[in-house]
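Chain by chain, the residues:
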Amino acid sequence: MVPEIVGRKGPLAGRRIPVGDTRFTFGRLSDNDVVIASGGVSRFHAEVVREERGYVLYDRGSRNGTLVNGRRVTSHLLQHGDLITITDETFCFEVTADVTTMISDLTLFQPRTEPAVVVDPGPVLRVTVSGGGPVGLSLALLLERLLGHRVAVTVYDGRWIQDGSRVVWKNEAQGNVRRQQVVTVQSRQYLNLPEDVQDRLFVPGAYSEMWPSGPDSIRGYGPRNIRIAYIEDKLLELANEKSERIRLVPTRFDAAEQHEAVAKEHVLAICDGARSRTREHFTTKFGIADSSIYSLDGRHLQDVVLGLRVKSDLPDAMSVLLTVAQNRFLLNSLGGEGFLNMRLTDAEAAEVVGLDPVRREFKDCIASRPCLMAREDDGDFQCSTHGTLFLPALLRASPLWKRVMEGLAFFGVAPENLSAVTAFRLDMVQRPRFTARLYAPTSTTPGTYGFLLGDAANSIHFWPGRGLNSGLASAISLARSLASGWNGRPFRDADFVRHEAAMSMLQYRHKSRAWNAMVTTDDQGVNCAIKDVIADVIAESGGAPTTGGPDREADIETLMERMREIRARLSSRLTGLPDDQVLRDHLRTLKSETVRTLLASGVWDTLTVGGEEVDIDIFYRQELPVPS
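Residues numbered from 1 in each chain as written. Predicted model: local features only at pLDDT ≥ 70, side-chain atom pairs only at ≥ 80, totals over all residues. Heavy atoms only, no water.

- The chain appears in an unreviewed UniProt entry as FHA domain-containing protein from Micromonospora pallida.

A look at the overall build of the chain
Here comes step 1: Broken down by element type, the chain carries 20 helices and 35 strands.
Here comes step 2: Taking the contacts inside the chain whose residues are at least 6 apart along the sequence as the reference set, 71% of them involve residues at least 24 apart.
Here comes step 3: Carbon and sulfur atoms make up 50% of the accessible area of the chain, which amounts to about 26,400 Å² in all. (Helix = DSSP H or I, 4+ residues; strand = E, 2+ residues; numbered from the N terminus. Contact = heavy atoms within 4.5 Å. Areas by Shrake-Rupley, 256 points an atom, 1.4 Å probe, with all protein chains shown as cover.)

Thoughts on the packing of aromatic side chains
Here comes step 1: Taken as a whole and assessed by the stated rule, the structure comprises 17 aromatic pairs.
Here comes step 2: Centre to centre, the rings of Trp160 and Trp169 are 6.0 Å apart; their planes meet at 85°, and the pair counts as edge-to-face. Residues Trp160 and Trp169 agree in their burial class; the two are buried.
Here comes step 3: Arranged with centres 4.8 Å apart and planes meeting at 70°, the rings of Phe451 and Phe496 form a pair that is edge-to-face. Of this pair, Phe451 sits in strand S33 (residues 448-452) while Phe496 sits in the loop between helix H14 (466-485) and helix H15 (497-516); the two residues are 45 residues apart in sequence, bridging distant segments of the chain.
Here comes step 4: Overall, the relative accessible area of 0% leaves Phe451 in the buried class.
Here comes step 5: Among the aromatic residues, ring-to-ring pairing joins Tyr449, Phe451, Trp486, Phe491 and Phe496 into one connected group.
Here comes step 6: We note Arg224 situated over the ring of Phe202; from NZ or CZ to the ring centre the distance is 4.7 Å. (Phe/Tyr/Trp six-rings, centres within 6.5 Å; stacked < 30°, edge-to-face > 60°. Buried < 20%, exposed > 50% of the residue type's maximum accessible area, 1.4 Å probe, protein only. Lys NZ or Arg CZ within 6 Å of the ring centre and 35° of its normal.)

Quick look at the pairing of strand S24 (residues 329-334)
Here comes step 1: Of all the six residues making up S24, six are buried; the element is thus mostly covered by neighbouring parts of the structure.
Here comes step 2: With burial as the criterion, each face of S24 is covered, one bearing Phe329, Leu331 and Ser333 and the other bearing Leu330, Asn332 and Leu334.
Here comes step 3: Pairing of S24 with strand S25 (residues 337-344) involves six bridges; the strand directions are antiparallel. Counted as the bridge partner of Phe329 is Met342 from S25. (Pairing = 2+ DSSP bridges.)

Description of the layout of surface pockets
Here comes step 1: In this structure, the second largest pocket occupies an estimated 840 Å³ of space.
Here comes step 2: Forming the boundary of the second largest pocket are 37 residues, of which Arg23, Thr25, Arg150, Ala483 and Ser484 lie nearest the centre.
Here comes step 3: Elements with a contribution of two residues or more to the lining of the second largest pocket: strand S3 (24-27), strand S5 (46-51), helix H2 (134-147) and H14.
Here comes step 4: Examining the composition of the lining of the second largest pocket, we find that five residues originate from one element, H14, more than from any other. (1 Å grid on protein atoms, 1.4 Å probe; cavity = no way out; pocket = protein on both sides within 12 Å on 5 of 7 lines; lining within 4 Å. Points joined across faces, edges and corners; volume = space filled by probe spheres on them.)

Focus: the packing of helix H9 (residues 316-324) against helix H18 (residues 580-587)
Each pair of packed helices can be described by the angle between their axes along with the distance between the axes.
Here comes step 1: Running from N to C, H9 and H18 point in directions that differ by 60°, and their axes come no closer than 13 Å. H9 and H18 meet at a crossing whose hand is right-handed. Contact residues: H9 offers Met318, Leu321 and Leu322, while H18 offers Val582, Leu583 and His586.
Here comes step 2: Here the residues of the contact of H9 with H18 sort into five nonpolar, one polar and no charged. (Axes fitted to C-alpha atoms, helices over the stretch in contact; angles between N-to-C directions. Left-handed = near helix turned anticlockwise from the far one by under 90°. Nonpolar A, V, L, I, M, F, W, Y, C, P; charged D, E, K, R; others polar.)

Digging into the packing of H2 against H14
Here comes step 1: At a closest axis distance of 9 Å, the pairing of H2 and H14 adopts a crossing angle of 30°. Considered as vectors, H2 and H14 are oriented roughly parallel to each other. Of the two elements, H2 crosses H14, and the hand of that crossing is right-handed. Contacts between H2 and H14 involve Pro134, Val135, Ser138, Leu139, Leu142, Leu143, Leu146 and Leu147 from the first element and Leu468, Gly471, Leu472, Ser474, Ala475, Ile476, Leu478, Ala479, Arg480, Leu482 and Ala483 from the second.
Here comes step 2: Taken together, the residues that form the contact of H2 with H14 break down as 15 nonpolar, three polar and one charged. (Parallel < 35°, antiparallel > 145°, perpendicular 65-115°, else oblique.)

Concerning the sheet that holds strand S16 (residues 182-185)
Here comes step 1: With antiparallel pairing, the three strands of this open sheet are ordered in space as S16-S18-S17. Among the strands making up the open sheet, the edge pair consists of S16 and strand S17 (207-208).
Here comes step 2: Direction of pairing for S16 relative to strand S18 (residues 224-227): antiparallel, over a ladder of four bridges. Note on S18: the bridge partner recorded for Val182 is Arg227.
Here comes step 3: Against the sheet, helix H5 (residues 228-241) touches S16 and S18, its axis set at about 75° to S18.

Some details on helix H13 (residues 399-410)
Here comes step 1: With twelve residues, H13 extends 17 Å from end C-alpha to end C-alpha; this agrees with the ideal 16 Å at 1.5 Å per step.
Here comes step 2: The complete set of buried residues in H13 reads Leu400, Trp401, Arg403, Val404, Glu406, Gly407, Leu408 and Phe410.
Here comes step 3: In the stretch just after H13, Gly412 is the one whose phi turns positive, near 65°. (Expected span 1.5 Å × (residues − 1).)

Let's talk about the pattern of salt bridges
Here comes step 1: A complete count under the given rule lists 37 salt bridges for this structure.
Here comes step 2: Arg328 is paired through a salt bridge with Glu348; the nearest N and O atoms lie 2.9 Å apart. Residue Arg328 is found in the loop between H9 and S24, and its partner Glu348 is found in helix H10 (residues 346-350); the two are separated by 20 residues along the sequence. As far as the burial class goes, Arg328 and Glu348 line up, both buried.
Here comes step 3: In this structure, a network of salt bridges that share partners links the residues Glu144, Arg145, Glu195, Asp196, Lys242, Glu244 and Arg245. (Salt bridge = Lys/Arg side-chain N within 4 Å of Asp/Glu carboxyl O.)

Observations concerning the sheet that holds S3
Here comes step 1: Taken in spatial order, the five strands line up as S4-S3-S5-S6-S9 in an open sheet, and their pairing is mixed. The open sheet is flanked by strand S4 (34-35) and strand S9 (75-77), the only strands paired with a single partner.
Here comes step 2: In terms of strand pairing, S3 meets S4 through two bridges, oriented parallel. Directly across from Phe26, in S4, lies its bridge partner Val34.

Shown next, in the form of structure tokens:
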């Protein structure tokens with residue numbers, strides 16, 4: 001026989017479960033060996049690991065702790081008869097005489113008063129992460145939680161610097177300027193993060209619940225708005241505290257330079273963004289992306305978005321209603337502060353350039369890097385990296401700048417509350433695979449597997465947080481695959497079947513959503529780009545916003561009817577929605593072209609783009625043992 005966990009008190013009393021030589025876990029999730037339904041139990045609460053000197057119980061940072069013989073422990077070398085208590089459940093660790101004889105040298109019968117000894121961790125999973133944004137750091141923290149002493153993670157990011165004994169994010173003066181975006185994180189993702197991560201992120205005042213709960217929400221938890229800088233700071237803060245297993249390197253990862261080091265690792269997780277150099281270095285392994293599926297009439301469809309950092313005076317409920325009612329602008333904020341994203345036509349995108357005021361040369365840094373141009377004391381928007389000025393803002397008669405001002409008015413933003421401008425290009429492609437063996441095992445190397453995560457895998461759409469949700473889901477999936485598959489031997493393709501399936505589902509779900517937010521159909525049912533519909537309206541109006549027009553009131557009433565329908569749908573989930581008079585008065589402050597453009601851009605089709613996120617849990621559930 002083998003050692004067993006025997007239920008002594010609670011709903012599992014009398015149940016006998018063999019421990020064996022593989023990782024044995026306790027927790028609330030269904031993929032644990034012992035599933036405890038109590039609300040005080042963490043999703044992954046504790047585990048028993050067979051090590052060189054015996055069976056060791058580890059508490060995995062649970063909120064309510066794990067007791068052995070009435071004493072709270074973080075680790076404990078188990079002996080026959082030890083009582084393990086997790087909330088209202090008590091188990092006994094039992095070993096038969098035969099097994100006791102077999103492992104008597106493993107100190108199972110040392111006196112209980114002897115302190116826990118330091119044990120050899122056994123085979124350690126070595127992981128390198130290229131890119132230390134939220135996805136890369138979440139993967140590192142998940143692995144540390146799931147594998148503990150059996151993992152060593154090294155994370156590289158050139159946006160960090162060393163500050164004494166800690167690694168911190170560079171500030172704006174050091175070139176790290178794109179961190180003020182507010183993102184929406186779905187409960188399906190954040191509830192799968194370790195408890196200490198959730199506790200650090202979601203403190204009062206750090207997040208809001210601007211958007212109503214819906215099909216994406218689980219267990220009554222709604223989506224949460226949080227600033228990306230706050231997420232990055234807190235995740236890096238936590239990683240610094242776990243330096244025993246997570247090493248932070250404030251340098252950009254270079255796949256060519258790090259070739260020999262990577263060949264000695266078990267895993268390379270590629271999390272360094274949509275323009276990942278690491279991914280491109282391994283193109284022959286991951287395959288060439290296909291853009292044809294996201295094309296119209298043989299032309300790859302791309303959206304260019306102007307990001308405006310703003311402070312809105314509108315209540316959240318009204319901002320939600322205005323955002324969902326059209327497809328030209330999108331405001332996501334935290335207490336009114338965030339980014340107003342503006343979908344541009346091709347002609348408008350061509351105007352997104354900078355001007356070198358010294359050389360009098362046009363520069364495309366804002367469109368190609370992209371850079372952020374912050375507002376100076378004189379009112380100009382200047383790139384701190386290249387010294388260029390945002391040209392449309394200099395040309396006050398610029399049609400694009402007038403439409404920017406109209407977008408601000410639509411969301412209750414005073415011109416002086418526009419503090420920065422940036423731009424980014426949405427360039428979706430279909431990736432053939434997300435998992436690849438980069439280096440085969442040799443007599444001196446273990447064989448290295450590479451994984452595309454985050455935007456390196458799926459660059460999505462300008463809805464803030466869409467890429468982050470996909471990225472977190474991919475990190476959760478990979479961490480679970482690695483934790484369940486690691487046994488000290490080289491990995492095989494078969495170890496990652498579930499992860500590759502999860503990534504394919506994420507690609508399909510999120511990119512189909514994004515595509516449906518980029519295209520619409522005309523009266524004949526033919527697909528066309530929303531940006532082209534907007535361009536047609538602008539062309540019909542003569543290219544400049546006007547105050548009058550015989551159809552203006554009719555357009556306002558049509559837009560009002562659309563908003564009434566949306567308001568009726570949201571009223572049970574969102575309080576404080578504006579009444580008809582407030583909406584009508586607000587719309588009447590807008591120019592005729594703006595109203596017509598908002599109307600023509602179409603409603604945010606929640607029936608098409610809504611629905612549940614990909615449920616990563618379904619790939620990692622195990623059937624519970626049948627009671628004897």
